[in-house]
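# Notes for the structure review
Spelled out, the chains give:
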Amino acid sequence: MKVDPETQAAAVNPLWWWLPLVALLAGLLVLPWQRELSQPLGDLLQRLLAPPKAPAGVVIVDIDDNSLQQLRPELGPWPFKRDAFALVIEHLRSAGVRAVVLDVLLADPREGDPALARTLARPGPPVLLAAAGLPPAQPVEGPQAALHWTAVIEPSATLGATAAQQGIVTAPLGADGRLRQVQLWHSAAGQRWPAMPLRMWQTLDGAGAGTGADSAPPPWPQDAQGRVTLTLPRCADCLPHLSFARLWQAALRGEPDAALAAQLQGQVVVVGSSAVLVDRAMTVHGQVSGAEALALSYTALRDGQWLRSAPIALQALFWLLALAPALWVWWRGPSALSLALRASALLALLMVLTAALLQSVARIDAAQAAPAAVLAAGAAAIALLRQRWQQRERERLDRARAVAAAANDAKTTLLANVSHEIRTPLNAVLGVAELLAATPLNDRQRQHVAVFQQAGELLSDLINDLLDLTKIEAGKLELHAEVFALRPLLVRVVDMLQVRATQKGLSLTLDLAADLPEAVLADRRRLQQALTNLVGNAIKFTAQGSVQLQVAPAGNGRVRFEVADTGIGIAASKIDSIFDPFVQADSSITRTYGGTGLGLAITRTVVQHMGGSVQVRSTPGLGSVFSIELPLPSATLAPPPNAAPDPGVRHARVLLAEDNEVNTYIFLAMLEGRGLRIDTAANGLTALQMARERRYGVIFMDLQMPGMDGLQATAELRRHEQEHGLPRAQVVALTAHSFAEDIQRCLDAGCDHHMAKPVSRAHLLELLERLLPRDPQDAPAAATLPAPLDDAASPVLDPSAALAGLGGATGLHQRVLDHAAVFLASWTQDYDAAASQLARRRALAHDLRGVAHSVGATALADAAHHLEQALQAAEPAGPQLARAQAAVQDAIAPVVVTLTRRPSA
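What counts as what
Every chain's residues receive numbers from 1 upward, in the order its sequence appears when written. For this predicted model, a pLDDT threshold of at least 70 governs which residues receive local features, and a threshold of 80 or more governs which side-chain atom pairs are given and counted, while totals over whole chains, interfaces and linings are taken from all residues. Calculated side-chain values reflect all of the structure's heavy atoms, with hydrogen atoms and water omitted. Helix numbering and strand numbering both begin at the N terminus, where a helix is a DSSP run of H or I of at least 4 residues and a strand a DSSP run of E of at least 2. Only protein chains enter the accessibility calculation, which uses a 1.4 Å probe; a residue is then buried when its area is under 20% of its type maximum, exposed when over 50%, and partly exposed in between. We call two residues in contact when some of their heavy atoms are within 4.5 Å. Criterion used throughout: strands pair if DSSP finds at least two bridges between them. Looking at any residue, its pLDDT shows the predictor's confidence there, from 0 to 100. For every element, the axis is a line fit to its C-alpha atoms; helices are fit only across the contacting stretch, and the angle between N-to-C directions ranges from 0 to 180 degrees. A crossing counts as left-handed when the near helix is turned anticlockwise from the far one by less than a right angle, and as right-handed when that turn is clockwise. By the convention adopted, Pro, Cys, Tyr, Trp, Phe, Met, Ile, Leu, Val and Ala count as nonpolar, Lys, Arg, Asp and Glu as charged, and the other residues, Gly among them, as polar.

### A word on the overall build of the chain
When its secondary structure is counted, the chain shows 29 helices and 27 strands. Within the chain, buried positions represent 45% of all 905 residues. The long-range share in the chain, meaning contacts at least 24 apart out of those at least 6 apart in sequence, stands at 75%.

### Quick look at the pairing of strand 11 (residues 268–272)
Buried residues dominate strand 11, accounting for five of its five residues. On strand 11, burial covers both faces: Val-268, Val-270 and Gly-272 on one face and Val-269 and Val-271 on the other are all buried. Examined bridge by bridge, strand 1 (residues 58–62) and strand 11 share five bridges and lie parallel to one another. Bridge pairing in strand 11 links Asp-62 to Gly-272. Judged from the four bridges that link them, strand 2 (residues 99–102) and strand 11 form a sheet pairing that is parallel. Residue Leu-102 lies in a different strand from strand 11, and its bridge partner there is Val-271.

### Thoughts on the confidence of the model for the chain
Across the chain, pLDDT averages 82, with 86% of residues at or above 70. Per-element confidence in the chain is highest for strand 2, whose mean pLDDT is 96, and lowest for helix 1 (residues 5–12), whose mean pLDDT is 43. Across residues 582–595, confidence stays below pLDDT 50; counting only partners more than four residues off in sequence or on other chains, it has 29 contacts. Every residue in residues 776–793 scores below 50 in pLDDT, and together they form 28 contacts with partners more than four places removed in sequence or on other chains.

### Details of the sheet that holds strand 22 (residues 623–631)
Spatially, five strands are ordered 17-19-20-22-21 in an open sheet, and the strand pairing comes out mixed. The two strands at the open ends of the sheet, each matched to only one other strand, are strand 17 (507–512) and strand 21 (613–619). Averaged over all adjacent pairs, the angle separating strand axes in this sheet is 15°, with direction ignored. In terms of strand pairing, strand 20 (residues 558–565) meets strand 22 through seven bridges, oriented antiparallel. Its bridge partner lying in strand 22, Val-559 is registered against Leu-630. Packed on one face of the sheet, helix 15 (residues 486–503) meets strand 17, strand 19 (546–555) and strand 20 and runs near 170° to strand 17.

### Here's the deal with the packing of helix 15 against helix 16 (residues 524–540)
Helix-helix packing is described using two parameters, namely the angle between the two axes and the distance between the axes. Put simply, helix 15 and helix 16 touch, their axes get as near as 10 Å, and they point 35° apart. Viewed along their axes, helix 15 and helix 16 form a crossing whose handedness is right-handed. From helix 15, Leu-486, Leu-489, Leu-490, Arg-492, Val-493, Met-496, Leu-497, Arg-500 and Ala-501 reach across to helix 16, where they touch Arg-524, Leu-527, Gln-528, Leu-531, Thr-532, Val-535, Gly-536 and Ile-539. A class-by-class count of the residues in the contact of helix 15 with helix 16 yields eleven nonpolar, three polar and three charged.

Have a look at this one:
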């Protein structure tokens, strides 16, 4: 019975009722700290969206360190006499300034106060004086919202300043010490004072300018404590500045300064001191002086650079949007988990963009901490639910995958085993065909042999493609990068396919760009496979004309390979499907040209794994162009190590370890007439013993042999060479397995080279040409090795005793020897496989004793007898059994060698 997914989702929804509640609770918990938690995003938006230029209409006169130093001879140490300020103010008024703001506390009576008082009382541009609050401060909310101070320090009474000339310059900062807001009103002892930026606005710009606390309320949106949130310009420290020393000197001279007058006319001048280090403030854009903070706060109020709080309806909309993913999952169930997570990320981005838009266009501070907490909590809960849901699905899929993997492994193992079994007779088929092709034949016979060879090659290609496809489907296609010369590989691809092209009367050419890298880093085998597939396909589908492989750099460390042919071409509607396994452009192609449709599928997958791509251009009836573009970084070939002289083929001795007599026959026939002396061994034990006895130029080692396989024999040979200080013999692994891991397994065991079956005569001769010495005197000197075992002279076997036991029947004796050779070669392997089967081991030991007696192997029979006794003990374990097993291993090897040694070819 199938369950509808939506019905299933509806059934589980009641279990997730808590999801939107968790999200909502997170927002409610954050709400009391909404403004503080929203500050990081607000600061970021301010830095991004703030006005880029400093505001106009304000000039800073700075009593900096240089001014103090220059004026010290004239005015004495700081603080200056008050008549100095009077002189400067008079000069500023004469320059046509709009107003003067003294951001300097003039609290105590000092020399020169009468002169400054007279200046303040004269008509002209207003002069505003600073007052400061004494902490601690306490915010007061309500209609008379203000910041209540313990006391306020006012200008000295000797100056005669009115209330309308005063403003509080003490600015409250945020918890992190940054100036973001201006407190409009301050209070102490029942009296109210405006902040200096507000006083400047009232005096210069506001309705009822010059009035005090009873003036019309300012037009800016305030919070409950009477604060206005400002957006200060990005260029906070680039307001026009003048040195107080320059201004003083101009005032003292009383001479007009046209440049100075032009800079001051119509400006609001704020006089402050950057030399007082405590009079500084930090904004979201950086640090500014107290005078700059006053000027920037005033211009922000004047120019409308402030923010209002988001309306309740807008906040509710944000909350609803933040709750939407959780509500959607609650409504739809597990089917909505992935969509809800993506929606959460999208909504988070949307909320940030909306906040930026509201701040830059509508001047609204959309504090987003609470909605963001709702969204984050909902997303986290959704992610947790998704993880748990995915874990349940993963467990279900894992169970299904395990079943599928077991079936796939069985298929892979079956294909591997079948391919190995097919390759053995295929090696004989192709080998005999190649040998026949080299003999005198009439035209009819040569045509038969050609068909013979083509059918065998097609079968070999099919096996290789099927194994590659199986590996790809299992996700086990691996790449093994190495540094290699590119041009020789390309020449080799063309040379291998040249015979096939010539047989069809085609011209096969290679066009290499001059600026190709000499060496590259890539998987050499896979690159050769891809190019061989494309060139081979081009030859197969071209009846007349030419096939060309063009190779040139494509930039950025990439190389482009193009295979162009004059063949049948591909219809545009068929191009997309030709890379699918078992698919060809037309069903008639298989009947006409043959093939399985695997080559292009494998080529595309290999190229994609190498980081490249495959493209096709084709015109039906005119031909096709297949192109590959691959990243092939240039590399440097390592210099060849110092080695023996150039190898060759004459008068060398070769050992072939091969248990299949047909393969042995093919191997010997391929090398007939080459001046080689070839010894053969039917199993690993015999091959190992023969390699110990004499020095071979090359040893060809089949991997699958009874008893000791080729990898074990090679590993034992390497150990023997190391123990006795012998030179390393060249070992070539012969195997039907040609995957990269198979090659690596051979190399790890000690093999020097790998040759895949079926073996071609050309490949075999080319390898021998590289490995064997060219001249007899170049052959390696024979090492001091044990004397070879010989049936007549060796005490390993006693043929006369064996014949006597058989009543002198020589025919029966030969059959006994044949049986013993097979039995003994696999005995060690069978004994090791029966490690947990005591009865089986006892039977093997008993049979070994009987077979050894039948061939006259007295020492082996005695060792088998002691092993049988050790296995029949009450507790068959410990040193006695170990000694008995070792004695059998020592005795069985020379018997197997003697029985299976073949005469040299």
